[in-house]
Amino acid sequence: MLKFQEESLRQSVNGALALRHQINQFLDAIFEKGITNICFLGIGGTYASAMQTVSHMKEFTSMEVFAENAAEYITTGNRRIMDGTLLIYSSVTGSTPEIVKAVEKAHAAHATILAFLDNPNPHLRELCELCISYPQNEQLKLFMAADRILFLRHEFDCYDDCYENFDCYLADALISVEQSLDSFAQEFAKKHCNDTLHYFVGAGNQWGSTYSYGMCYWEEMHWMQLRLYPPVNFSMERLKSFSRHSCHTLYQRRCQPSIVSSSSCFPSEDLCKLHDY
């Protein structure tokens, strides 16, 4: 396994989980004052994480919650971001121009801002009500905030049990997943490293993962050509341009297979037959 440090990963995940007290203390106070809606802001990979979090919350809550692309927000605006909005975002560098401008704009609109900054930017710190600086674990930090809000709204009754299990088992479970899938990952990489074009298909809470993996890893890091499709745009008409040499990766939740099959013109198992993985 390349650059895999088991104890470092364990400490990283458990350290992120330990942020929960600080997150909860802030959100409990904000919730008591009143929240009109929730916006998860991002761009690129952080926008993908925002989409995943929103998809998760939509399954449980009747509250308005949405993901906002920072570049679109500074260009066209969004009148839903206002006084009463809780805006949550994550940034690794804290210096992405679109994020900085978007946070400035949201601050001017009197939104309440919670920031997760791996590298704290002094300017961004001044624009938010709470800034938590802790590296990596982006999705976990966003999901902890989302789940606390669901808990406060009595829409996530298993919150305590869920996070008790996370505290006990999540770090080791993630380590186990990396170790058990390494041989598959190596085989997959060898088989597809020279693909001329690869299709990635995902839906629901998997669309953010699909977007992130394709855009951040294949396209940005490896300069490999790809196409990203949610199943609603991946119909039988597109299959006409495919051959048995076409390469596809399908993201699908085991507990929710109908998302793919009901959103497209063919059963998901037929798509899986197009390739070996």
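The structure contained in this document is the topic of the report that follows.

Notes on helix H1 (residues 6–17)
Here is step 1: For H1, spanning 12 residues, the distance from its first C-alpha to its last is 17 Å, which sits close to the expected 16 Å at 1.5 Å a residue.
Here is step 2: Those residues of H1 not exposed but buried are Arg10, Ser12, Val13, Gly15, Ala16 and Leu17.
Here is step 3: In this fold, the buried residues of H1 make contact with helix H2 (20–33), helix H7 (138–152) and helix H8 (159–192).

Digging into the sheet that holds strand S3 (residues 85–91)
Here is step 1: The parallel open sheet is built from five strands, whose spatial order is S2-S1-S3-S4-S5. Looking at the sheet topology across the chains shown, the edges are occupied by strand S2 (65–69) and strand S5 (130–132). In this sheet, adjacent strand axes meet at a mean angle of 20° when their direction is disregarded.
Here is step 2: Two elements, strand S1 (residues 37–42) and S3, share five bridges in a ladder whose sense is parallel.

Remarks on the environment of Tyr163
Here is step 1: Counting through the fold element by element, Tyr163 comes out in helix H8.
Here is step 2: Each C-alpha atom of the pair Tyr163 and Asp147 lies 9.6 Å from the other, and the pair is 16 residues apart in sequence.

Here we look at the nonpolar core
If you look at soluble globular proteins, the nonpolar side chains tend to sit buried side by side.
Here is step 1: Judged by nonpolar contacts, the single largest core of 36 residues is most densely connected at Ile38, Phe40 and Ile88.
Here is step 2: Apart from residues no more than four positions distant in its own chain, Phe40 is found in contact with Ala50, Thr53, Val54, Met57, Val65, Phe66, Ala67, Glu68, Ile88, Leu142 and Ala146.

Overview of the sheet that holds strand S6 (residues 198–201)
Here is step 1: In space, the three strands of this open sheet follow the order S7-S6-S8, with parallel pairing throughout. The open sheet has two free edges, formed respectively by strand S7 (226–229) and strand S8 (247–250), since each of these has just one partner strand. Within the sheet, the average angular offset between the axes of one strand and its neighbour, ignoring direction, is 20°.
Here is step 2: Judged from the four bridges that link them, S6 and S8 form a sheet pairing that is parallel. Opposite His198, over in S8, you have Cys247 as the bridge partner.

Comments concerning the pairing of S1
Here is step 1: Counted residue by residue, S1 has six buried out of six residues, so it is predominantly covered.
Here is step 2: The two faces of S1 match: Asn37, Cys39 and Leu41 on one face and Ile38, Phe40 and Gly42 on the other face are all buried.
Here is step 3: Bridging between S1 and S2 involves five bridges; their strand directions are parallel. Bridge assignment links Cys39 to a residue of S2, and that residue is Phe66.
Here is step 4: In this region the chain leaves S1, passes through helix H3 (residues 45–58) and returns to the parallel neighbour S2; the handedness of that crossover is right-handed.

Side note on the pattern of salt bridges
Here is step 1: Within this structure, the stated rule accounts for eight salt bridges.
Here is step 2: The shortest N-O distance in the salt bridge between Arg10 and Glu6 comes to 3.0 Å. In this pair, Arg10 and Glu6 are both assigned in helix H1, four residues apart and thus about one turn of the helix distant.
Here is step 3: Classification of Glu6 by relative accessible area gives partly exposed; the value is 33%.
Here is step 4: Residue Asp118 is joined to Lys141 by a salt bridge in which the shortest nitrogen-to-oxygen separation is 3.3 Å.

Observations regarding the packing of aromatic side chains
Here is step 1: On inspection of all chains with the given rule, the structure shows 14 aromatic pairs.
Here is step 2: Aromatic side chains Tyr163 and Phe166 sit 5.0 Å apart centroid to centroid with 80° between the ring planes, which places their arrangement in the edge-to-face category. Taken together, the positions of Tyr163 and Phe166, both in helix H8 and three residues apart, correspond to about one turn of that helix.
Here is step 3: For Tyr163, a relative accessible area of 2% translates into the label buried.
Here is step 4: Given a relative accessible area of 26%, Phe166 falls into the partly exposed group.

About the cut-offs
Here the residue index of a chain counts from 1 through its sequence in written order. Where local features are concerned, this predicted model is filtered to residues with pLDDT of at least 70; where side-chain atom pairs are given and counted, the filter is 80 or more; whole-chain, interface and lining totals use all residues. Excluded from the side-chain calculation are hydrogens and water; included are all heavy atoms of the structure. Strands here mean DSSP runs of E at least two residues long; helices mean DSSP runs of H or I at least four residues long; both are numbered from the N terminus. Given a helix with a known number of residues, its expected span is that number minus one, times 1.5 Å. For the exposure calls, accessible area comes from a 1.4 Å probe over protein chains only, and a residue counts as buried if that area is under 20% of its type's maximum, exposed if over 50%, partly exposed in between. We call two residues in contact when some of their heavy atoms are within 4.5 Å. Here a strand pair is declared whenever DSSP counts at least two bridges between the two strands. Lines are fitted to the C-alpha atoms to define the axes, a helix being fitted only along its stretch in contact, and any angle between axes, read from their N-to-C directions, falls within 0 to 180 degrees. Residues grouped as a nonpolar core are buried Ala, Val, Leu, Ile, Met, Phe, Trp, Tyr and Cys residues, joined through side-chain atoms within 4.5 Å. A crossover gets the label right-handed when its path from the first strand over the helix to the second runs clockwise, viewed with the strands pointing away from the viewer. Salt bridge, as applied in this entry: a Lys or Arg side-chain nitrogen positioned within 4 Å of an Asp or Glu carboxyl oxygen. Note on aromatic pairs: the rings of Phe, Tyr and Trp (six-membered ring only in Trp) are paired at centre separations within 6.5 Å, and the planes decide the class, stacked below 30 degrees, edge-to-face beyond 60, tilted for the rest.

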